[in-house]
Amino acid sequence: MTLAHQPYDDIRQAIRALCQDFPPQYWRAVDAEQRYPDEFVTALTAAGWMAALIPQEYEGAGLGLAEASVILEEINRNGGNSGACHGQLYNMGTLLRHGSEEQKRRYLPPIARGELRLQSMAVTEPTTGTDTTKTATIAERRGDRYVVNGQKVWLSRAHHSDLLVLLARTTPIDQVARKTDGMSLFLVDIKSALRNGLTLRPIRNMVNHETSEAFFTDLEIPAEHLIGEEGRGFRYILDGLNAERTLIAAECIGDGRWFIDKATAYAKERVVFGRPIGQNQGVQFPIAECHIEIEAADLMRWKACTLFDNHEPCGAEANMAKYLAAKASWEAANVCLQTHGGFGFAAEFDVERKFRETRLYQVAPISTNLILSYVAEHVLGLPRSF
Ligand SMILES: Cc1cc2nc3c(=O)[nH]c(=O)nc-3n(C[C@H](O)[C@H](O)[C@H](O)COP(=O)(O)OP(=O)(O)OC[C@H]3O[C@@H](n4cnc5c(N)ncnc54)[C@H](O)[C@@H]3O)c2cc1C
């Protein structure tokens, strides 16, 4: 498949050129060492790509979600893993949409210049999981500060970020009219917090994805680090999720295309029983099916991007794009591994690494069941299950 037929060819070529400095050996090594791909993220930031969604008035590139999605798609399409840095693209959206002008002027230009990283968002908790309104982390106002106590889990990239966006309850759930009220968002300076009540404990996991448990013990946050209005944090978070889901869909599409290319090439070259394995329809058809499904998911991704960039509601499309793309990339991963037979398990083929990486997107940043629940209840109007 050629890149020339894909939209935004200029961005694709530029990312592709940058990715050539980070060949499969690089990603294999950082995976084996469970190391953060700092060199790659630094190069991407220096080239300005991490500031894609920051408006030009704050020194960013002022591009749309469509362009940003192409950046992440191409990183994954070229064998890399955007999971190391995608948060930098969309986490600043919360600040951009809901932060005060002073916060935006203070933080967005250094983020755009690559001097500050805002890569982390702390929402998930170990006890309440997907049931975010039951958030047990409390931020209590005391004078000009908030004092935070509680615990978060799966806090990604915190060791490679200067700032994080924290969701905490500021009014107990039994004192609010709606369970989605009474939660607030804060911008936390990670390094200062680590000296002042925040403890991070890394979680070793299936992929090379830096993520931690976070414990907050009387962490003091200056009141001016509240983002937007107190009590409206849940709404602000939801607002940013459409961008996140659409971008993750694009990553999955990049993964899917990588798997299909890899499987196709191998099926043409591997000769068993005196002919290329790809001559057998039993090998061809699953690859063809994956290609069809990735292309279909891509259509929904563009629909979500167009609506988002036109400031139109896109919750259904963003969720459906993420669902279709994550499912299609996972199926492509499985087919690619099967096509490679035993060699699919050998690290030097990169298939097993990408197989693990793309599996994550069935669970995070939102699990497949929760998307189905959103579509069933918010799009189709079926009775609420929770
Ligand atoms: C590598 C990694 C990185 C992550 N990074 C971050 C991050 O940076 N910040 C952050 O806040 N979170 C992060 N997460 C957390 C991630 O968003 C959650 O794991 C995910 O949303 C699922 O929540 P949970 O693990 O609590 O599952 P649970 O809520 O415990 O659910 C477990 C399973 O039950 C299903 N389930 C639960 N309730 C229902 C229901 N009512 N109907 C049907 N099915 C249901 C779920 O779909 C899921 O499959 C990360 C997770 C991972 C693994």
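Let me sum up the structure you'll find in this document. Note that the coordinates shown come from a computational prediction; the quantities given were computed from them, not determined experimentally.

As a further point, take the overall build of the protein. What the protein contains, in helices and strands, is 13 helices and ten strands. The C-alpha atoms of the protein give 21 Å as radius of gyration, which agrees with the globular expectation for 386 residues (21 Å, within 12%). For the protein, the spread of C-alpha atoms along the three principal axes comes to 80 × 50 × 40 Å. The buried share of the protein, taken over its 386 residues, is 54%. Across the protein, the fraction of contacts at a sequence separation of at least 24, relative to all contacts at a separation of at least 6, is 73%. Accessible area for the protein stands at about 17,000 Å²; split by element, carbon and sulfur atoms hold 54% of it.

What follows deals with the nonpolar core. Membership of the largest hydrophobic core comes to 83 residues, with the highest contact counts inside it found for Phe-40 and Leu-44. The leading source of residues in this core is helix 9 (residues 233–269), at 16 residues.

Another aspect to go through is the layout of surface pockets. Of the voids in this model, the second largest pocket is the one considered here, and its volume is about 170 Å³. In this structure, the second largest pocket is lined by 14 residues; those nearest its centre are Pro-202, Ile-203, His-209, Glu-210 and Thr-211. Partitioning the lining of the second largest pocket into residue classes produces four nonpolar, seven polar and three charged.

Another point: the site of the ligand. Close to the ligand lie 16 residues; Thr-124, Thr-130, Trp-154, Ser-156 and Ser-367 are nearest. Take Thr-130: an N or O atom from its side chain is 2.5 Å from an oxygen atom of the ligand. Residue assignment for the shell around the ligand shows that the elements contributing at least two residues are strand 3 (145–156) and helix 13 (368–379). Among the residues making up the shell around the ligand, the classes are represented as nine nonpolar, seven polar and no charged.

Further remarks concern empty space enclosed by the protein. Applying the stated rule across the entire model yields three cavities of 30 Å³ or more. Within this model, the largest cavity holds a volume of roughly 60 Å³. Taken together, Tyr-90, Asn-91, Thr-94, Arg-97, Met-121, Ile-237, Gly-240, Leu-241 and Glu-244 form the lining of the largest cavity. Of all elements in the fold, only helix 6 (92–98) and helix 9 reach the threshold of two or more residues within the lining of the largest cavity. Sorting elements by how many residues they give to the lining of the largest cavity places helix 9 first, with four residues. In this structure, the second largest cavity spans a volume of roughly 50 Å³. Taken together, Tyr-36, Pro-37, Asn-81, Gly-83, Ala-84, Arg-157, Asn-208, His-209 and Glu-210 make up the lining of the second largest cavity.

Let's shift gears to the pattern of salt bridges. Evaluation of the coordinates by the stated rule reveals 31 salt bridges. Between Asp-255 and Lys-354 there is a salt bridge, and its shortest N-O distance comes to 2.7 Å. With Asp-255 in helix 9 and Lys-354 in helix 12 (residues 351–359), the pair connects residues that are 99 residues apart, well separated along the chain. Looking at Asp-255, the relative accessible area reads 1%, which means it is buried. When salt bridges that share partners are traced, they join Arg-12, Glu-73, Glu-74, Arg-257, Glu-295, Asp-298 and Arg-301 into one network.

Moving on: the pairing of strand 1 (residues 118–122). A large share of strand 1 lies buried, amounting to four of its five residues. For strand 1 and strand 4 (residues 163–169), the ladder comprises four bridges, and the chain directions are parallel. The residue of strand 4 that forms the bridge with Leu-118 is Leu-163.

Of note, Thr-171 is situated in the loop between strand 4 and strand 5 (183–189). With a relative accessible area of 23%, Thr-171 lands in the partly exposed category. For the pair Thr-171 and Met-183, spaced twelve residues apart in sequence, the C-alpha to C-alpha distance is 6.8 Å. The residues touching Thr-171, leaving out its near neighbours within four places in the chain, are Val-176 and Gly-182.

Cut-offs applied
Residues numbered from 1 in each chain as written. Predicted model: local features only at pLDDT ≥ 70, side-chain atom pairs only at ≥ 80, totals over all residues. Heavy atoms only, no water. Helix = DSSP H or I, 4+ residues; strand = E, 2+ residues; numbered from the N terminus. Rg over C-alpha atoms; globule rule 2.2 N^0.38 Å. Buried < 20%, exposed > 50% of the residue type's maximum accessible area, 1.4 Å probe, protein only. Contact = heavy atoms within 4.5 Å. Areas by Shrake-Rupley, 256 points an atom, 1.4 Å probe, with all protein chains shown as cover. Core = buried A, V, L, I, M, F, W, Y, C linked by side-chain atoms within 4.5 Å. 1 Å grid on protein atoms, 1.4 Å probe; cavity = no way out; pocket = protein on both sides within 12 Å on 5 of 7 lines; lining within 4 Å. Points joined across faces, edges and corners; volume = space filled by probe spheres on them. Nonpolar A, V, L, I, M, F, W, Y, C, P; charged D, E, K, R; others polar. Near = heavy atom within 4 Å. Polar contact = N/O pair within 3.5 Å; in protein donor to acceptor, adjacent residues only side chain to side chain. Salt bridge = Lys/Arg side-chain N within 4 Å of Asp/Glu carboxyl O. Pairing = 2+ DSSP bridges.

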